[in-house]
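An overview of the molecular structure
The lines below spell out each chain.
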Amino acid sequence: MSREQAFLHMLDAASKIQWNIAMILEAKAVEAEKIRNWTLNHLNSDAFSSHENQLSEPLQIHGQIVELLEGLTKMENGLCSNLKALLVQEEEEYGGAGGGGEGMYGSSGGDFSLGDMGK
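Predicted model, so just to flag it, every value in this text is computed and none were measured.

What follows covers the overall build of the protein. The helix and strand tally for the protein stands at two helices and zero strands. Counting only contacts in the protein whose residues sit at least 6 apart along the sequence, the fraction spanning at least 24 positions is 72%. Carbon and sulfur atoms form 57% of the exposed surface of the protein, whose accessible area is close to 9,100 Å².

With that out of the way, let us pick up a nonpolar patch on the surface. Residues Ile61, Ile65 and Leu69 make up a contiguous nonpolar surface patch of about 250 Å² in total accessible area. Structurally, isoleucine 65 is set in helix H2 (residues 51–94). The class of isoleucine 65 is partly exposed, set by a relative accessible area of 44%.

If you walk through the whole model with that rule in mind, you get three salt bridges. Across the salt bridge formed by lysine 16 and aspartate 12, the nearest N and O atoms sit 3.3 Å from each other. Taken together, the residues span about one helical turn, with lysine 16 and aspartate 12 both in helix H1 (residues 3–42) at a distance of four residues. The partly exposed category is assigned to aspartate 12, whose relative accessible area is 35%. Between lysine 28 and glutamate 31 there is a salt bridge, and its shortest N-O distance comes to 3.7 Å.

The subject of this paragraph is the environment of isoleucine 17. Residue placement: isoleucine 17 occurs in helix H1. Each C-alpha atom, one on isoleucine 17 and one on leucine 79, is 8.8 Å from the other, the two residues being 62 residues apart in sequence.

The terminal C-alpha atoms of H1, which comprises 40 residues, lie 58 Å apart, in line with the 58 Å expected from a rise of 1.5 Å per residue. Residues of H1 that are buried: Phe7, Ala14 and Ile21.

Once that is clear, we can look at the environment of alanine 14. Mapped onto the secondary structure, alanine 14 falls in helix H1. The exposure class assigned to alanine 14 is buried, which follows from its relative accessible area of 13%.

So, how was this worked out
Residues numbered from 1 in each chain as written. Predicted model: local features only at pLDDT ≥ 70, side-chain atom pairs only at ≥ 80, totals over all residues. Heavy atoms only, no water. Helix = DSSP H or I, 4+ residues; strand = E, 2+ residues; numbered from the N terminus. Contact = heavy atoms within 4.5 Å. Areas by Shrake-Rupley, 256 points an atom, 1.4 Å probe, with all protein chains shown as cover. Patch = residues over 30% accessible without salt bridge, like charges linked within 9 Å, V, L, I, M, F, W, Y side chains within 5 Å. Salt bridge = Lys/Arg side-chain N within 4 Å of Asp/Glu carboxyl O. Buried < 20%, exposed > 50% of the residue type's maximum accessible area, 1.4 Å probe, protein only. Expected span 1.5 Å × (residues − 1).

Function cannot be inferred from these measures alone, as they are strictly geometric.
Spelled out as structure tokens, the structure:
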């Protein structure tokens, strides 16, 4: 397998991972909407024995959501660093975007940039 084919396999795997992450987030959004509707219809001040419980239950749910988002963020940062490494290797191999060499996809560069993805 050539280097370019290996890079294409890496990009294909990264795109499949991104699609799966999108499906997870879509399912979580649907689940969150159902939970929101149930909470609005069933939880009121009479459902809790004390004000402390009324405060602690939503905070626990919020903590779980934050943990989920932190995990997804870490995973996305890992994928971003892998793609950055791939692009840096490509630039070194072909002399950078201004070097006149064509990139892996037959373009002269400049069409794709990471921007602030890793920051």
